[in-house]
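These are the residues of each chain, in order.
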Amino acid sequence: MAYSGDPILIEDLLFRPVHSLIDQSLHSRMGATTTNGDGFGIGWYGEGPTPAVFKCIEPAWNERNLQEISRQIRTPLLFAHVRASTGTPVQRSNCHPFRYGDWLWMHNGALRGFSEVKRDLLMAVDPGLYPDIEGSTDSETLFFLALTFGLTEDPFAAVARAVGLVEDVGARRGVENPVQMTVATTDGTSLWVFRYSTEGRTRSLFFSTAVEKVRALHPEVEVLHRLSDETRFVVSEPLRDVEGAWNEVPESHAGVIRPGEDEIRPFQPVAPVR
């Protein structure tokens, strides 16, 4: 889940919605696994120059420290992720979101055949960035490939080049359908999201309708009156069943949420030039 809007208590985002991310960690309706108990992480922007992260290998539904801090922290931009490992160890450094400077990154899905392509992909990471890789996941590798290809200057182009490289390496190593991803990344001001898979059957991703439109449709929903018109959510699964509140990100599309007008566009990988 990603939230962008007026500062709000993390508790209101993680615990209060009917189908909150905490509920989804136990009862996912659309994910590849029903239970996501291999750790969790949150990242948020506050008073400091860089975002803060809190990660833990305990299941999100059972971590009292998360409940404690979520009652006290307000943030205008939150990333939250519950993990079901696709093969890499359950350890803090493998929990999302990942951080580099001002940037956060989280990923649902998998780079298939990662053990076969890992060396090639890591060798493509900029040597100046390589020492900052902390964990062993395909998700963090994809993040550092995107950074290598210019994420901080042009996220759309950088992610397209990173995914194109993964597909190219996968094809050379005999990996079928190497990319399955929904991705969210942010610099603390804008939020970019991506939905893509090589096979064209990507996991679910939704963005919220403009709050003023949903408020007009459902004046009886009290929580909508506490959200500013600039509030936006991006989620793997809708947080509550409110008709007209959610829109599915189309297959092979990417978007950006920022102050003012948002944008969504088709997404295609860019193959490396040989």
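The following paragraphs examine the structure supplied in this document. (Residues numbered from 1 in each chain as written. Predicted model: local features only at pLDDT ≥ 70, side-chain atom pairs only at ≥ 80, totals over all residues. Heavy atoms only, no water.)

### A closer look at the sheet that holds strand S3 (residues 52–56)
The condition that has to hold: A strand pair is defined by DSSP finding two or more bridges across the two strands. In DSSP terms, a helix is any run of H or I states spanning at least four residues, a strand is any run of E spanning at least two, and both are numbered starting from the N terminus. Working convention: axes come from line fits to C-alpha atoms, limited for helices to the stretch in contact. Angles between N-to-C directions cover 0 to 180 degrees.
Taken in spatial order, the seven strands of this open sheet run S3-S2-S4-S1-S10-S9-S11, and their pairing is antiparallel. Bordering the open sheet on either side are S3 and strand S11 (246–248), each of which pairs with just one other strand. Strand-to-strand twist in this sheet, taken as the mean axis angle between neighbours without regard to direction, amounts to 30°.

### Notes on helix H5 (residues 138–148)
Note the cut-off: The cut-offs for exposure are 20% and 50% of the maximum accessible area for each residue type, with area from a 1.4 Å probe on protein chains only; residues under the lower value are buried, those over the upper are exposed, and the others partly exposed.
When you tally the buried positions in H5, you get ten out of eleven residues, the bulk of the element. Along H5, the positions that sit buried rather than exposed are Asp138, Ser139, Glu140, Thr141, Leu142, Phe143, Phe144, Leu145, Ala146 and Leu147. Phi turns positive, to about 100°, at Gly150, one or two residues after H5.

### What about the environment of Asn108?
Counted only if it meets this: Whether two residues touch is decided by their heavy atoms; if any such pair falls within 4.5 Å, the residues are in contact.
With respect to the element layout, Asn108 can be found in strand S6 (residues 103–111). On the accessibility criterion, Asn108 (24% relative accessible area) is partly exposed. Apart from the residues within four sequence positions on either side, Asn108 is in contact with His81, Gln180, Met181, Thr182, Arg203 and Ser236.

### A closer look at the sheet that holds strand S12 (residues 253–257)
Spatially, six strands are ordered S5-S6-S7-S8-S12-S13 in an open sheet, and the strand pairing comes out antiparallel. One side of each edge strand has no neighbouring strand; the edge strands of this open sheet are strand S5 (98–100) and strand S13 (263–266). Adjacent strand axes in the sheet meet at a mean angle of 15°, parallel and antiparallel pairs treated alike. Summarising the sheet, strand S8 (residues 191–197) and S12 pair through five bridges and their orientation is antiparallel. From the neighbouring strand, Phe194 faces S12, where its bridge partner is Ala254. Taken strand by strand, helix H6 (residues 155–172) contacts S6, strand S7 (179–186), S8, S12 and S13, and its axis lies near 25° from that of S8.

Worth remembering: the numbers are spatial, not functional.
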